[in-house]
Structures are given as structure tokens and as C-alpha cells.
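Given next are the chains, with one letter for each unit.
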Amino acid sequence: MKFFIDTANLDQIKEAQELGVLDGVTTNPSLMAKEGIGGAQNILDHYVKICNIVKGGDISAEVISTDFKGIVAEGEKLAALHPQIVVKVPMIKDGVKALKYFSDKGIKTNCTLVFSAGQALLAAKAGATYVSPFIGRLDDVSTSGLRLIEDIVTIYGNYGYETEVLAASIRHPMHIVDCAMAGADVVTCPLSAITALLNHPLTDVGLEKFLEDYRKVNS
Ligand code: E4P
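Residues numbered from 1 in each chain as written. Predicted model: local features only at pLDDT ≥ 70, side-chain atom pairs only at ≥ 80, totals over all residues. Heavy atoms only, no water.

**Focus on the site of the ligand**
Link 1 in the chain: Around the ligand, a shell composed of Asp6, Thr26, Asn28, Lys88, Phe134, Arg137, Ala168, Ser169 and Arg171 is seen.
Link 2 in the chain: A distance of 2.7 Å separates an oxygen atom of the ligand from a polar side-chain atom of asparagine 28.
Link 3 in the chain: Between an oxygen atom of the ligand and a side-chain N or O atom of serine 169, the distance comes to 2.7 Å.
Link 4 in the chain: Protein burial of the ligand: of its 350 Å² of free accessible surface, 84% is covered by the chains.
Link 5 in the chain: Judged by the fraction of its atoms near the pocket grid, the ligand is located in the largest pocket.
Link 6 in the chain: Tallied by class, the residues present in the shell around the ligand amount to two nonpolar, three polar and four charged. (Near = heavy atom within 4 Å. Polar contact = N/O pair within 3.5 Å; in protein donor to acceptor, adjacent residues only side chain to side chain. Areas by Shrake-Rupley, 256 points an atom, 1.4 Å probe, with all protein chains shown as cover. 1 Å grid on protein atoms, 1.4 Å probe; cavity = no way out; pocket = protein on both sides within 12 Å on 5 of 7 lines; lining within 4 Å. Sits in = over half its atoms within 2 Å of the grid points. Nonpolar A, V, L, I, M, F, W, Y, C, P; charged D, E, K, R; others polar.)

See the structure below:
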């Protein structure tokens, strides 16, 4: 399973990259705004900075247009920025048309804001490279996000769709483990959820004991 980090914060992206487990980055307009990145050129420059940190990984850059022509124009500009850019397109009617257009042109896409298996099926039929079901936001409204991941993995397996299931809106480390159990291809997570996977009290106790015993005969 691939690990993407869901942020536009360059320090966090560097930290995840240095950990050695980072396969890519997803951003969205809210995450860019959180970092204070505004203005068309600044936004484009920021995507290039991210690409230069994550060597070889896919970097999702989201369009803000909602009509076919606008999505295509924006997406082509984003894709031309850097070979690692994946055009992130919302799950709307013109978005689906644009997914098909980009797919025919060999431009990678990530279909975002997916909340149902039917939407995921449409994204796959349109040739999306990735589909992003938002599991945390579903959990927030008392609907199982994990169940959606399981359903999409089953449907894609039934028909051999190549679209990768990118579990998004991850909130905590168990979301990551559950998505791995369900067969998600990718998880995109905050850095805190990735580093939380490190923790176990028995690891801390065990390491302390090993070091203590070493010190007994080496001091
Ligand atoms: C996915 O690509 C989105 O950027 C993201 O996972 C949304 O997560 P949130 O629900 O934490 O905003």
C-alpha cells in the first residue's frame, strides 16, 4: 500500500520524505489556504516545490473550475508544470467528462470528493488514475467510511478496473491499518497519523530494558 501525505506544508512533506516511506502528496484548496498560499503563480510555484521534495511520487493538484472547459484548461496547465503532477478533479458531471478527456490524453487524474460506490464506479469507467473516497468525513456523519473502501475494492476487483483506490480524509492510525486490511491501494494521511503508527508502549518498555541491560555490563 502506498503512503501519501495530505498536506501543502513543506516541512511536513520533508519530514515524511526523510522517514523514507513517502510515495506521494495530495493537496486541496483548503490545505493550500491553510499554508497561506494564494495567487495563481504562487500556487503553481508551490506545486513545483512539492514535486522537487518528493522525488518520483505522484503529487495531486486540484482544479477549482467546475465546468468542462475550465477544468480541462486548468488541468492541462497543472499537468504541464511537472511530470509528477496528477490533476485532481471533483466528482461532478463535468468532472467525469474531464476525467475521460485527461485519460484519453494520458494525463493522470485523481477523482476527489467521492462518497459512494456509484461515484467510484463512474470515476473508474471514465479512466481516473486514482479515486479518493473520503472516509473520515463519512465517519463524521455516522456512515462507515471503511465499508465504502471495502465496497469499491470489491467492485474494482470484479471488473478489473485499473483505477487505484486512494483512501482519503484519514483521521488516525487505525484508519490506515483498516484501509490496508480492506485492500486500498493508497492512503493519504496527515503526518500525525503516519508517525502514530510508530507507537507501542511495549516497544518503549522493551527498548528501555535492552538499553538498561547493555549499560549494566558496559559502563
Ligand atoms: C483528499 O485528497 C483530501 O485532501 C483530504 O483527504 C480531505 O481530508 P479532510 O476530511 O481531513 O479535509
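**Re the environment of isoleucine 149**
Link 1 in the chain: By the element assignment, isoleucine 149 lies in helix α8 (residues 145-159).
Link 2 in the chain: Taking the C-alpha atoms as reference points, isoleucine 149 and glycine 106, 43 residues apart in sequence, are found 26 Å from one another.
Link 3 in the chain: When near neighbours in sequence (up to four residues on either side) are disregarded, isoleucine 149 contacts Pro133, Ile135, Val165, Ala167, Cys179, Ala182 and Ala184. (Helix = DSSP H or I, 4+ residues; strand = E, 2+ residues; numbered from the N terminus. Contact = heavy atoms within 4.5 Å.)

**Some remarks on the pairing of strand β5 (residues 109-114)**
Link 1 in the chain: The element β5 is extensively covered by neighbouring structure, given that five of its six residues are classed as buried.
Link 2 in the chain: Direction of pairing for strand β4 (residues 85-90) relative to β5: parallel, over a ladder of four bridges. Considered in β5, the bridge of proline 90 is made with threonine 112.
Link 3 in the chain: Running through helix α5 (residues 93-104), the crossover from β4 to the neighbouring parallel element β5 is right-handed. (Buried < 20%, exposed > 50% of the residue type's maximum accessible area, 1.4 Å probe, protein only. Pairing = 2+ DSSP bridges. Right-handed = clockwise from strand over helix to strand, strands pointing away.)

**Some points on a nonpolar patch on the surface**
Link 1 in the chain: Taken together, the side chains of Met174, Val177, Met181 and Leu197 define a hydrophobic patch exposed on the protein surface, amounting to about 390 Å² of accessible area.
Link 2 in the chain: Within the secondary structure layout, leucine 197 lies in the loop between α10 (191-196) and α11 (201-217).
Link 3 in the chain: Under the relative-accessibility criterion, leucine 197 is labelled partly exposed at 35%. (Patch = residues over 30% accessible without salt bridge, like charges linked within 9 Å, V, L, I, M, F, W, Y side chains within 5 Å. Salt bridge = Lys/Arg side-chain N within 4 Å of Asp/Glu carboxyl O.)

**Examining the nonpolar core**
Link 1 in the chain: The biggest cluster of nonpolar side chains holds 57 residues, and the ones touching the most others in it are Ile13, Val131, Ile149, Ile170, Cys179 and Val187.
Link 2 in the chain: Ranked by the residues each element gives to this core, the list is headed by helix α3 (residues 40-53), at five residues.
Link 3 in the chain: Leaving out residues up to four positions away in the same chain, isoleucine 13 has contacts with Ile5, Thr7, Ala8, Leu22, Val25, Ile50, Ile53 and Val54.
Link 4 in the chain: With five residues, the next largest nonpolar core counts Phe4, Tyr130, Leu166 and Val186 among its residues. (Core = buried A, V, L, I, M, F, W, Y, C linked by side-chain atoms within 4.5 Å.)

**Some details on the packing of helix α1 (residues 10-19) against α3**
Link 1 in the chain: Contact geometry for α1 and α3: axes closest at 10 Å, N-to-C directions at 15 degrees. In terms of orientation, α1 lies roughly parallel with respect to α3. Note on packing geometry: the crossing formed by α1 with α3 is right-handed. Residues Leu10, Ile13, Lys14 and Gln17 of α1 pack against His46, Lys49, Ile50 and Ile53 of α3.
Link 2 in the chain: Considering only residue class, the contact of α1 with α3 consists of four nonpolar, two polar and two charged. (Axes fitted to C-alpha atoms, helices over the stretch in contact; angles between N-to-C directions. Parallel < 35°, antiparallel > 145°, perpendicular 65-115°, else oblique. Left-handed = near helix turned anticlockwise from the far one by under 90°.)

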